[in-house]
Amino acid sequence: MKLIEYQDLNSFLRDILPVIEKNFISHYLLSLATDRLMQGKEEIYYACTILVNDKVDIIYMHTIQGHYFFGMSENKKAIALLSKSLPFEHFNEDSTLFGSTFIIDHFIENRNFNYKNIRHRYYMSLKSCSLETENIIGDIHLAQEKDYDLLVPLELAFYKEEFEGKGLQKEGDVLSKLKNAIGLKFIYYWNLEDQITTLISVSKLPGNKIYIPNIYTKPDFRNKGISKSALGKLIVEFFDSGILEIGLNVKVSNNSAIRLFKSLGMDIIYQTGIYQ
């Protein structure tokens, strides 16, 4: 077991990208961060990996956005090595930690830090679906530019419900991302009797995989099977088109959504958090 520190970004990316590519669904947040690094949109201060049996077990990087802790590790000794190696001055009351709850929880315990998990999520994955969709009432639509004004209220409602008071999103950024996502054909919506009830955003990943970062159903249409119909219909279409794996994330406390995703055949594969 050993810690590897990196002096240049290319060497770091060379070692971690295979791990991300193998675990795109669970490491989605890390993949977004590495994309920003490669595009020069995010500054990196420090990066290291922990190798166990000559394989990357833990990935750590400190950027202008915060501290990222990823990897499939359940090795407490590897986490202990990381904990004693990172300088205390890298962390303060304004720091944000992203990543594996297993790694971060043990890191915090080892260092006697007082960060709290403010966004605890399960990452779930599906590799096949046999849902029957013939009798489902309603239609899934790929959003077009003309739909933007109709979808804005749902997008704002989703971010208010998900992020309000956490300082992670601003309204202008949310609307800009929505417009960009529609242009990239990453937004779908469910139409039921001429009403838009559900908004689903997707990301297309390498290896013929789909990640679903956001699903929002209007409160008046919840607990009526509409979310299952919308998501199920979209999932079937994706698998019929050749997609090999579909993943998403959900609040650990959202038992109804977890039951929904499990009813579609999804399994929990990872836990992450955002700590402040």
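Note: the structure precedes this text.
Attention here is on the structure that accompanies the text.

Observations concerning helix H3 (residues 76–85)
When we look at burial in H3, the residues that qualify are Ala78, Ile79, Leu81, Leu82 and Ser83. Among the residues of H3, the N-terminal cap falls to Asn75, whose side-chain oxygen and the backbone nitrogen of Lys77 are separated by 3.0 Å.

Regarding the sheet that holds strand S5 (residues 97–100)
The strand order S1-S2-S3-S4-S5-S12-S6-S11-S10-S9-S8-S7 describes an open sheet built from 12 strands, whose pairing is mixed. This sheet does not close on itself; its edge strands, each paired only once, are strand S1 (2–5) and strand S7 (139–142). Across the sheet, the mean angle from the axis of one strand to that of its neighbour is 20 degrees, orientation sign disregarded. With three bridges connecting them, strand S4 (residues 67–70) and S5 associate as parallel partners. Among the inter-strand pairings, Tyr68 is bridged to a residue of S5, identified as Phe98. On top of the sheet, helix H8 (residues 255–263) reaches strand S6 (121–126), strand S10 (209–217), strand S11 (245–251) and strand S12 (267–275); it is set at about 165 degrees to S11, its chief contact.

Some words on empty space enclosed by the protein
As enumerated under the stated definition, the model contains one cavity of 30 Å³ or more in all. Considered as a void within the structure, the largest cavity measures approximately 40 Å³ in volume. For the largest cavity, the full set of lining residues is Glu155, Phe158, Leu199, Ile200, Ser201, Asn214 and Tyr216. Mapped by element, the contributors of at least two residues to the lining of the largest cavity are helix H5 (148–163), strand S9 (195–205) and S10.

Some remarks on helix H7 (residues 226–240)
Its 15 residues place the ends of H7 21 Å apart at the C-alpha level, agreeing with the 21 Å of an ideal helix rising 1.5 Å per residue. Burial analysis of H7 places 11 of its 15 residues in the buried class, which makes it a mostly covered element. Among all positions of H7, only Ile226, Ser229, Ala230, Leu231, Gly232, Lys233, Leu234, Ile235, Val236, Phe238 and Phe239 are buried. Immediately downstream of H7, the backbone of Gly242 shows phi near 110 degrees, a positive value.

Quick word on the layout of surface pockets
Empty space within the second largest pocket amounts to approximately 660 Å³. Residue lining of the second largest pocket: 29 residues in total, with Ile215, Ser227, Asn254, Ser256 and Ala257 positioned closest to the centre. Listed by contribution, the elements that provide at least two residues to the lining of the second largest pocket are H5, S10, H7, S11 and H8. Per-element accounting of the lining of the second largest pocket gives the leading share, six residues, to S10.

Some points on the packing of aromatic side chains
According to the stated counting rule, one finds 16 aromatic pairs in the structure shown. Between the aromatic rings of Phe69 and Phe107, the centroid separation amounts to 4.9 Å while the plane-to-plane angle is 45 degrees, which identifies the pairing as tilted. Taken together, the residues span a long stretch of sequence, with Phe69 in strand S4 and Phe107 in helix H4 (residues 101–111) at a distance of 38 residues. In this structure Phe107 comes out as buried when scored by relative accessible area, which is 0%. Geometrically, the ring pair formed by Phe70 and Tyr270 is stacked, given 6.5 Å between the ring centres and 15 degrees between the ring planes. One end of the pair, Phe70, is in strand S4; the other, Tyr270, is in strand S12, with 200 residues separating them in the sequence. Neither residue differs from the other here; Phe70 and Tyr270 are each classed as buried. Ring pairs connect the aromatic residues Tyr46, Tyr60, Phe69, Phe88, Phe91, Phe107, Phe113 and Tyr115, which therefore count as one cluster. A cation over an aromatic ring shows up here: Arg111 above the ring of Phe88, its NZ or CZ 3.9 Å from the ring centre.

Topic: unusual backbone geometry
Here the phi dihedral of Asn53 falls at roughly 55 degrees; this positive angle occurs in a residue that is not glycine. If you trace the backbone, Asn53 turns up in the loop between strand S2 (44–52) and strand S3 (55–63).

Things to note about the packing of H3 against H4
For the pair H3 and H4, interaxial distance at closest approach is 9 Å and the crossing angle is 55 degrees. Relative to H4, the element H3 lies oblique. Taken as a pair, H3 and H4 cross one another with a handedness that is right-handed. On H4, the residues touching Lys76, Ile79, Ala80 and Ser83 of H3 are Phe102, Ile103, His106, Phe107, Asn110 and Arg111. Residue composition of the contact of H3 with H4, grouped by class: five nonpolar, three polar and two charged.

How each quantity is defined
Residues numbered from 1 in each chain as written. Predicted model: local features only at pLDDT ≥ 70, side-chain atom pairs only at ≥ 80, totals over all residues. Heavy atoms only, no water. Buried < 20%, exposed > 50% of the residue type's maximum accessible area, 1.4 Å probe, protein only. Helix = DSSP H or I, 4+ residues; strand = E, 2+ residues; numbered from the N terminus. Polar contact = N/O pair within 3.5 Å; in protein donor to acceptor, adjacent residues only side chain to side chain. Pairing = 2+ DSSP bridges. Axes fitted to C-alpha atoms, helices over the stretch in contact; angles between N-to-C directions. Contact = heavy atoms within 4.5 Å. 1 Å grid on protein atoms, 1.4 Å probe; cavity = no way out; pocket = protein on both sides within 12 Å on 5 of 7 lines; lining within 4 Å. Points joined across faces, edges and corners; volume = space filled by probe spheres on them. Expected span 1.5 Å × (residues − 1). Phe/Tyr/Trp six-rings, centres within 6.5 Å; stacked < 30°, edge-to-face > 60°. Lys NZ or Arg CZ within 6 Å of the ring centre and 35° of its normal. Parallel < 35°, antiparallel > 145°, perpendicular 65-115°, else oblique. Left-handed = near helix turned anticlockwise from the far one by under 90°. Nonpolar A, V, L, I, M, F, W, Y, C, P; charged D, E, K, R; others polar.

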